[in-house]
Amino acid sequence: MDKDYVGFATLPSQVHRKSVKKGFDFTLMVAGESGLGKSTLINSLFLTDLYKDRTVPDAQARIPQTLEIVKHAVDIEEKGVKVKLTVIDTPGLGDAVNNEECWKPIAHYIDCQFEQYFRDESGLDRKNIQDSRVHCCLYVLSPFGHGLRPLDVAFLRAIHDKVNIVPVIGKADCLTLTEVQQKKEKIRQELEENGITIYEFPDCDSDEDEEFKAQDAEMKHSIPFAVIGSSQVVRELKDKVFRGRQYPWGTVEVENSAHCDFLKLRDMLIQTHMQDLKDVTHEVHYENYRAQCIQSLTRTGARDRSSRAKLSRQSATELPLLPLTAETEKLIREKDEELRRMQEMLQKMKEQMLQGQMEQSDSL
């Protein structure tokens with residue numbers, strides 16, 4: 001063994017073993033109007049079926065606002081690495097006739113998770129904190145129309161400073177490649193015009209290989225991701241089996257980069273930027289919430305101290321007199337009678353002491 005070898009080089013492997021043993025957690029929120037393929041996209045991303053018992057409401061049930069917050073938790077294991085995945089679905093968003101402020105329950109849910117984490121972090125048992133904060137929000141945009149709708153702008157403005165937003169164009173097979181590029185440019189322009197902040201990819205380190213840098217640059221240029229979801233297995237030839245969709249005019253492959261950005265989205269969420277999404281949630285969004293909570297608590301404490309100081313400086317004559325009840329008056333009379341008896345006893349003791357002193361002086 002090398003004499004100059006101490007063992008610091010094994011620290012990454014120690015952290016790796018501990019992290020793998022503990023496992024990982026990731027919370028993903030999916031939002032967007034119904035009919036854009038959100039459920040199929042999630043099943044395609046994680047190769048699982050999270051929506052077995054889903055029921056689709058009819059048109060009559062969609063007249064009032066019926067936004068729900070539905071959590072689906074699943075444990076996924078791959079090559080010994082365990083991930084507790086929580087998918088938060090928001091069925092009913094934008095489906096009602098009147099969608100005024102329909103996003104408020106979602107913003108409230110995100111704040112509640114921050115509040116719960118803040119309470120757990122400030123408590124006694126800090127070793128077993130369950131992180132239920134939303135690490136990423138996939139917002140699925142409609143492929144129809146031009147750019148963002150007013151509801152999209154209002155929703156994204158309400159949550160863009162609370163969570164990492166990754167915009168996605170659903171059912172991209174409805175568009176040609178030229179239309180996809182035009183729609184992406186239009187959406188990026190409107191996001192900037194409305195001051196909406198989405199998830200920003202971190203800059204690559206100088207020691208990263210060129211392949212990773214090229215992949216990262218391609219991901220940045222692809223936002224918003226134009227995706228297609230499908231759980232259907234297509235067998236086009238004997239040796240060619242893939243997940244996709246068959247149409248009379250041809251076949252669309254989900255995992256083909258020439259057809260859609262599904263692979264880029266999956267690589268970004270799972271392979272390359274999952275930890276960065278969690279870090280940004282903790283270091284930026286949660287810290288902003290935590291700072292606001294501490295400031296509000298500090299202001300409340302300062303007001304309480306100021307009011308107590310004002311009260312202590314008031315004279316007795318300035319304080320309001322409380323009305324006396326019959327029970328209180330009885331208690332006061334009893335205390336006065338007790339004080340009178342004690343004063344009489346003291347007076348008798350003084351007289352006895354004086355009498356004793358006089359007798360001693362006469363005997364001398």
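Keep in mind that what you see is a predicted model, and the values were worked out from it rather than measured.

What counts as what
- Residues numbered from 1 in each chain as written.
- Predicted model: local features only at pLDDT ≥ 70, side-chain atom pairs only at ≥ 80, totals over all residues.
- Heavy atoms only, no water.
- Helix = DSSP H or I, 4+ residues; strand = E, 2+ residues; numbered from the N terminus.
- Buried < 20%, exposed > 50% of the residue type's maximum accessible area, 1.4 Å probe, protein only.
- Contact = heavy atoms within 4.5 Å.
- Areas by Shrake-Rupley, 256 points an atom, 1.4 Å probe, with all protein chains shown as cover.
- Pairing = 2+ DSSP bridges.
- Axes fitted to C-alpha atoms, helices over the stretch in contact; angles between N-to-C directions.
- Salt bridge = Lys/Arg side-chain N within 4 Å of Asp/Glu carboxyl O.
- Core = buried A, V, L, I, M, F, W, Y, C linked by side-chain atoms within 4.5 Å.
- pLDDT = per-residue confidence, 0-100.
- Parallel < 35°, antiparallel > 145°, perpendicular 65-115°, else oblique.
- Left-handed = near helix turned anticlockwise from the far one by under 90°.
- Nonpolar A, V, L, I, M, F, W, Y, C, P; charged D, E, K, R; others polar.

**Considerations on the overall build of the protein**
In terms of helices and strands, the protein carries 9 helices and 9 strands. A burial count over the protein gives 34% of its 364 residues as buried. Contacts in the protein between residues at least 24 apart in sequence constitute 69% of all its contacts with a sequence separation of at least 6. Carbon and sulfur atoms provide 52% of the accessible area of the protein, an area that totals close to 24300 Å².

**Here we look at the sheet that holds strand β7 (residues 233-235)**
Paired through their backbone hydrogen bonds, the strands of a sheet run either parallel or antiparallel. The 3 strands lie next to each other as β7-β8-β9, forming an open sheet whose pairing is antiparallel. The sheet is open, and its two borders are formed by β7 and β9 (250-253), each paired with just one other strand. Between one strand axis and the next, the sheet turns by 65° as a mean value, whatever way the strands run. For β7 and strand β8 (residues 241-247), the ladder comprises 3 bridges, and the chain directions are antiparallel. Paired with Val-234 across the bridge in β8 is Phe-242.

**A few points about the pairing of strand β1 (residues 24-31)**
For β1, the tally of buried residues reaches 6 of 8 residues, placing the bulk of the element in the interior. The pairing of β1 with strand β3 (residues 81-89) spans 7 bridges and is classified as parallel. When the sheet's bridge partners are listed, Val-30 is paired in β3 with Asp-89. In this structure, β1 lies alongside strand β4 (residues 136-141), joined through 4 bridges in parallel fashion.

**Here we look at the pairing of β3**
In the sheet, strand β2 (residues 70-78) pairs with β3 via 9 bridges, with the strands oriented antiparallel. Bridged to Lys-71 within β3 is Ile-88.

**Some remarks on the environment of Leu-148**
Inspection of the secondary structure assignment puts Leu-148 in the loop between β4 and α4 (150-159). Through-space distance from the C-alpha of Leu-148 to that of Lys-183 is 9.5 Å; in sequence the pair is 35 residues apart. Beyond its immediate sequence surroundings of up to four residues, Leu-148 is in contact with Leu-141, Val-153, Ile-187, Glu-190 and Leu-191.

**Some points on the pattern of salt bridges**
Enumeration over the complete set of coordinates arrives at 14 salt bridges. Across the pair Lys-162 and Asp-111 runs a salt bridge whose closest N-O atoms are separated by 3.2 Å. Taken together, the positions of Lys-162 in the loop between α4 and β5 (165-169) and Asp-111 in helix α3 (residues 104-122) put the pair 51 residues apart, joining distant regions of the chain. Between Glu-190 and Lys-186 there is a salt bridge, and its shortest N-O distance comes to 3.7 Å. A residue pair is termed a helical-turn pair when its members lie 3 or 4 positions apart in one helix, as Glu-190 and Lys-186 do in helix α5 (residues 177-193) at 4 residues. Overall, Lys-186 belongs to the partly exposed group, its relative accessible area being 35%. Salt bridges sharing common partners tie together Lys-184, Glu-218, Asp-261 and Lys-264.

**Describing the nonpolar core**
Within the largest apolar cluster, 68 residues are counted, with the highest numbers of intra-cluster contacts made by Leu-45, Leu-138, Phe-155, Val-166, Leu-265 and Met-268. Looking at which element gives the most residues to this core, the answer is α3, with 7 residues. Once residues lying within four places of it in the same chain are set aside, the contact partners of Leu-138 are Leu-28, Met-29, Val-30, Ala-31, Ile-42, Leu-45, Val-166, Val-168, Leu-265 and Leu-269.

**With respect to the confidence of the model for the protein**
For the protein, per-residue confidence averages 78 on the pLDDT scale, and 78% of positions sit at 70 or higher. Considering only residues more than four positions removed or in separate chains, one finds that residues 313-317, a stretch of pLDDT under 50, has 1 contact.

**Quick look at the packing of helix α6 (residues 210-222) against helix α7 (residues 262-272)**
Close contact between α6 and α7 brings their axes to 10 Å; oriented N to C, the two are set at 120°. Here α7 runs oblique to α6, going by the angle between their axes. The interaxial crossing formed by α6 with α7 has left-handed handedness. Together, Phe-212, Gln-215, Glu-218, Met-219 and Ser-222 of α6 and Lys-264, Asp-267, Met-268 and Thr-272 of α7 make up the contact between the two elements. Class assignment for the residues of the contact of α6 with α7 results in 3 nonpolar, 3 polar and 3 charged.

**Observations concerning the sheet that holds β2**
Pairing in this open sheet of 6 strands is mixed, and the strands run β2-β3-β1-β4-β5-β6 from one edge to the other. Unpaired on one side and paired on the other, β2 and β6 (225-226) mark the two borders of the sheet.

**Comments concerning the packing of helix α2 (residues 38-46) against α7**
Each packed pair of helices is defined by two parameters, the angle between the axes and the distance between the axes. One way to put it is that α2 packs onto α7 with a least axis distance of 10 Å and a crossing angle of 65°. By the angle between their axes, α2 is roughly perpendicular relative to α7. Every pair of crossing elements has a handedness; the one defined by α2 and α7 is right-handed. On α7, the residues touching Leu-41, Ser-44, Leu-45 and Phe-46 of α2 are Phe-262, Leu-265, Arg-266, Leu-269 and Ile-270.

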